[in-house]
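Spelled out from the first residue to the last, the chains are:
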Amino acid sequence: MAKASDLKRGMVVEINGVPHAVKQVDAKSPSSRGASTLYKIRFTNLKTGQKLDESLKGDDFFKDADLVRAKVQFSYVDGDNYIFMDMEDYTQYSLSSEDLEGQIEYLTEGLEGIVALLVDDAVLGIELPSSVVLPIVETAPAIKGATASGRTKTARVTTGLEVQVPEYLETNELIKINTETGKFMSRA
């Protein structure tokens, strides 16, 4: 059983007997006395793809969805489909770009640490690793004397994702990006 306050992007819970993936979590703290924190959560129905918005209190419970989790590796893109391979029995799974909304920017060929969510041998979605390492392909030139704490600049990585990075980073450097928040973590 997962509490609403513990839900993170990419988790899968059961709502009315149907698995739903958490796509977005916003925590709102009302300022009045005794008010509890509210969580505005956007779910996606993994069977139909419909979106569901819910406002919940932190102690609302959800049943964990009954899924099989298989370790997979991202293999390649075939038109509009993304192909993943099971690391144990080499079974291939295909997901469309709509199924991977918000996750495509983190996928690179050969990326491991991905978990496929399976129900009856049909893949419903994936859970990305907590962070990925990607090279910077485009950013403003490094500024001499820029310190680690301070201003940031925009950098684009190989997958097209744009991230705010410290000013001292240059093109072709490898950086670690948090897949939940989409933010720069460190140099790789």
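Let us look at the structure shown here. Within each chain, residue numbers correspond to sequence positions counted from 1 in written order. Whole-chain, interface and lining totals are the exception, using all residues; otherwise, since this is a predicted model, local features are given only for residues with pLDDT of at least 70 and side-chain atom pairs are given and counted only at 80 or more. Just so you know, side-chain values use all the structure's heavy atoms and leave hydrogens and water out.

With antiparallel pairing, 5 strands are arranged side by side in an open sheet as S9-S8-S7-S10-S11. Each edge of the open sheet carries a strand with a single partner, namely strand S9 (92–96) and strand S11 (122–127). In this sheet, neighbouring strand axes are inclined to one another by 45 degrees on average, regardless of whether the strands run parallel or antiparallel. For two strands to be treated as a pair, DSSP must find no fewer than two bridges joining them. Numbering of helices and strands starts at the N terminus; helices are DSSP runs of H or I of at least 4 residues and strands are runs of E of at least 2. As paired strands, strand S8 (residues 81–86) and S9 are joined by 5 bridges and run antiparallel to one another. In the sheet register, Ile83 faces S9, and the bridge partner there is Ser94. Comment: axis = line fitted to C-alpha atoms, over the contacting stretch for helices; angle = value between 0 and 180 degrees taken between N-to-C directions.

Attention now goes to the sheet that holds strand S4 (residues 38–45). Taken in spatial order, the 6 strands line up as S1-S6-S2-S3-S4-S5 in an open sheet, and their pairing is antiparallel. A strand with exactly one partner marks an edge of an open sheet, and here the two such strands are strand S1 (2–3) and strand S5 (51–57). Alignment of S1 against strand S6 (residues 61–64), held across 2 bridges, turns out to be antiparallel. Within S6, the residue paired with Lys3 across the bridge is Phe61.

For strand S2 (residues 12–15) and strand S3 (residues 18–28), the ladder comprises 4 bridges, and the chain directions are antiparallel. Bridge pairing links Val13 to His20 in S3. Here S2 hands over to S3 after 2 residues, with Asn16 in that stretch at a positive phi of 55 degrees.

By secondary structure assignment, the location of Val13 is in strand S2. Accessibility here uses a 1.4 Å probe with only protein chains present; expressed as a share of the type maximum, an area under 20% marks a residue as buried, one over 50% as exposed, and anything in between as partly exposed. We classify Val13 as buried; its relative accessible area is 0%. Between the alpha carbons of Val13 and Phe62 there is a distance of 6.2 Å; along the sequence they are 49 residues apart. With residues up to four places along the chain from it excluded, the contact list for Val13 reads Leu7, Val18, Pro19, His20, Phe43, Phe62, Lys63 and Ala65. Only heavy atoms matter for contacts: two residues are in contact if any of them lie within 4.5 Å across the pair.

On the surface, Glu88, Asp89, Asp120 and Asp121 cluster together into a patch of negative charge. For Asp120, the location among the structural elements is in the loop between strand S10 (114–119) and S11. For Asp120, a relative accessible area of 76% gives the class exposed. What makes a patch is a set of residues exposed beyond 30% relative accessible area and free of salt bridges, joined within 9 Å when like-charged and within 5 Å when nonpolar (Val, Leu, Ile, Met, Phe, Trp, Tyr). Method for areas: the Shrake-Rupley scheme with a 1.4 Å probe, in which residue coverage is limited to the protein chains shown. The salt bridge criterion pairs a side-chain nitrogen of Lys or Arg with a carboxyl oxygen of Asp or Glu, the two atoms within 4 Å. His is not counted here, nor are the chain ends, while Lys and Arg score as positive and Asp and Glu score as negative. In plain terms, the charge of a residue is placed at NZ if it is Lys, CZ if Arg, CG if Asp and CD if Glu.

As paired strands, S4 and S5 are joined by 7 bridges and run antiparallel to one another. For Phe43, the partnering residue across the bridge sits in S5 and is Leu52. The turn joining S4 and S5, which pair antiparallel and follow one another in sequence, is formed by 5 residues; a positive phi near 85 degrees is taken by Gly49.

The next subject is the packing of aromatic side chains. Under the pairing criterion, centres of Phe, Tyr and Trp rings, with the six-membered ring standing for Trp, must be within 6.5 Å; the plane angle then separates stacked pairs below 30 degrees from edge-to-face pairs above 60, leaving the rest tilted. Evaluated as defined, the whole model comprises 3 aromatic pairs. Measuring from ring centre to ring centre gives 5.4 Å for Phe74 and Phe84, while their planes differ by 55 degrees; the resulting arrangement is tilted. Residue Phe74 is located in strand S7 (residues 68–78), and its partner Phe84 is located in strand S8; the two are separated by 10 residues in the primary sequence. The same class applies to Phe74 and to Phe84, which are both buried. Members of the aromatic cluster, each reached through a chain of ring pairs, are Phe74, Tyr82 and Phe84.

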